[in-house]
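Listed below are the residues making up each chain.
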Amino acid sequence: KGDRRFLIYSVNDEDETIVNKVIEDIYHNVVIVKYLKYNIAFGNFDNSVKDMFQALSSDLGYDVSVNLGFLVSSKTAGQSIVTYINYYDKFIYSAGFTNISDVVIAANNKDTNIVEIISVNTISKIKEQNNYIEIINSLFKNNLNVSLTSKLLYMHRNSVLNKIDQVKKITGLDIQNFKDAYTLKILLDIK
């Protein structure tokens, strides 16, 4: 039920069961499927999942490659997810943690199809609410300066920070992080 993000992860065969169990224990109501050499987990994931996988890799010695994908809903076409996974497999796959920013930046000006898939699934909810777009564009114009943005929009600074937090929850992109802000700009500029 509701929108969920997906994880693409690859782990040695002998460690797969243990890693799957850890994910299921930490994140409830997770659905894990196998596709190609990857496990695809659908759940309520956010960027904190990076810390869990880093702990699995460094503390426990598991060799894990993981990508935090975009937000999916019941309306998301399965083919969109498959296209994303295939792109990840071909161009992004590496040991460690990656997310949609890495995919968008790699695909920008090279594979508009994958960028459009990510844009449709990531940006549509914030485009529905014009005030998010106004705040995001103002932040871009003001070099991501929250105080200046709040002053120019006649909004309290905390209101702007709350909107930034909402954008992060909706898209998985933290506009106060340069790579995520750049990704968000690319996704918003897709026509």
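Model, not experiment: these values are computed from the prediction.

What counts and what doesn't
Residues numbered from 1 in each chain as written. Predicted model: local features only at pLDDT ≥ 70, side-chain atom pairs only at ≥ 80, totals over all residues. Heavy atoms only, no water. Helix = DSSP H or I, 4+ residues; strand = E, 2+ residues; numbered from the N terminus. Buried < 20%, exposed > 50% of the residue type's maximum accessible area, 1.4 Å probe, protein only. Contact = heavy atoms within 4.5 Å. Pairing = 2+ DSSP bridges. Phe/Tyr/Trp six-rings, centres within 6.5 Å; stacked < 30°, edge-to-face > 60°. Salt bridge = Lys/Arg side-chain N within 4 Å of Asp/Glu carboxyl O. Core = buried A, V, L, I, M, F, W, Y, C linked by side-chain atoms within 4.5 Å. Expected span 1.5 Å × (residues − 1). Polar contact = N/O pair within 3.5 Å; in protein donor to acceptor, adjacent residues only side chain to side chain. 1 Å grid on protein atoms, 1.4 Å probe; cavity = no way out; pocket = protein on both sides within 12 Å on 5 of 7 lines; lining within 4 Å. Points joined across faces, edges and corners; volume = space filled by probe spheres on them. Nonpolar A, V, L, I, M, F, W, Y, C, P; charged D, E, K, R; others polar. Axes fitted to C-alpha atoms, helices over the stretch in contact; angles between N-to-C directions.

Some remarks on the overall build of the chain
What the chain contains, in helices and strands, is nine helices and five strands. Counting helices and strands in the order they occur from the N terminus, the chain gives β-α-β-β-α-β-α-β-α-α-α-α-α-α. Each of the three principal axes of the chain carries a C-alpha extent, and together these read 55 × 35 × 30 Å. Taken across its 191 residues, the chain has 46% of its residues classed as buried. A fraction of 64% describes how many contacts in the chain between residues 6 or more apart in sequence connect residues 24 or more apart.

Things to note about the pairing of strand S2 (residues 31-35)
Note: S2 against strand S3 (residues 38-43), five bridges, orientation antiparallel. By the bridge assignment for S3, Val31 is matched with Phe42. Hairpin geometry of S2 and S3 is characterised by an intervening segment of two residues between the two adjacent antiparallel strands and by a positive phi of about 55 degrees at Leu36.

Considering the packing of aromatic side chains
Across all of its chains, the model carries nine aromatic pairs by this definition. Seen in terms of ring centroids, Tyr9 and Phe53 are 5.8 Å apart; in terms of plane orientation they differ by 50 degrees. Their pairing is tilted. Of the two residues, Tyr9 sits in strand S1 (residues 4-11) while Phe53 sits in helix H2 (residues 49-58), which places them 44 residues apart along the sequence. You'll find Tyr9 and Phe53 in the same group, each marked buried. Ring-pair connections join several aromatic residues into one group, and the members of that group are Phe6, Phe42, Phe70 and Tyr84.

Focus on the pattern of salt bridges
By the definition in use, this model includes seven salt bridges. Note that Asp102 and Lys179 form a salt bridge whose closest N and O atoms lie 2.8 Å from each other. Placement of Asp102 in helix H4 (residues 100-107) and of Lys179 in helix H9 (residues 178-189) is noted, with a sequence separation of 77 residues between them. Classification of Lys179 by relative accessible area gives partly exposed; the value is 33%. We note a salt bridge from Lys168 to Asp174, for which the minimum N-O separation is 3.9 Å. For Lys168, a relative accessible area of 33% gives the class partly exposed.

Considerations on the nonpolar core
Membership of the largest hydrophobic core comes to 41 residues, with the highest contact counts inside it found for Phe6, Phe70, Tyr84, Ile118, Ile126 and Leu184. In this structure, Phe6 is in contact with Ile40, Ala41, Phe42, Phe45, Asn67, Leu68, Gly69, Phe70, Val72, Ile81 and Tyr84, ignoring residues within four places of it in sequence. Core analysis: the second largest hydrophobic core is formed by 17 residues, Leu7, Tyr9, Val64 and Val66 among them.

A look at H9
Spanning 12 residues, H9 covers 16 Å between terminal C-alpha atoms, matching the ideal 16 Å at 1.5 Å per step. One side-chain oxygen at the N-terminal end of H9 lies 2.9 Å from the backbone nitrogen of Lys179; it belongs to Asn177.

Here we look at empty space enclosed by the protein
Empty space left among the atoms is revealed by rolling a probe the size of a water molecule over them. A full pass over the atoms with the stated rule returns one cavity of 30 Å³ or more. As a volume, the largest cavity reaches approximately 40 Å³. Around the largest cavity, the lining residues are Tyr132, Ile135, Ile136, Leu139, Lys163, Ile164, Val167 and Ile175. Those elements that place two or more of their residues in the lining of the largest cavity are helix H6 (130-141) and helix H8 (157-171). With four residues, the top contributor of residues to the lining of the largest cavity is H6. Partitioning the lining of the largest cavity into residue classes produces seven nonpolar, no polar and one charged.

Describing the sheet that holds S3
Spatially, the five strands line up as an open sheet ordered S2-S3-S1-S4-S5, and their pairing is mixed. Looking along the sheet, the strands with just one partner apiece sit at the ends: S2 and strand S5 (96-99). Between one strand and the next, the sheet's axes are offset by a mean angle of 20 degrees, whatever the strand orientation. By the bridge criterion, five bridges tie S1 to S3 in an arrangement that is antiparallel. Bridging across to S3, Tyr9 finds its partner in Asn39.

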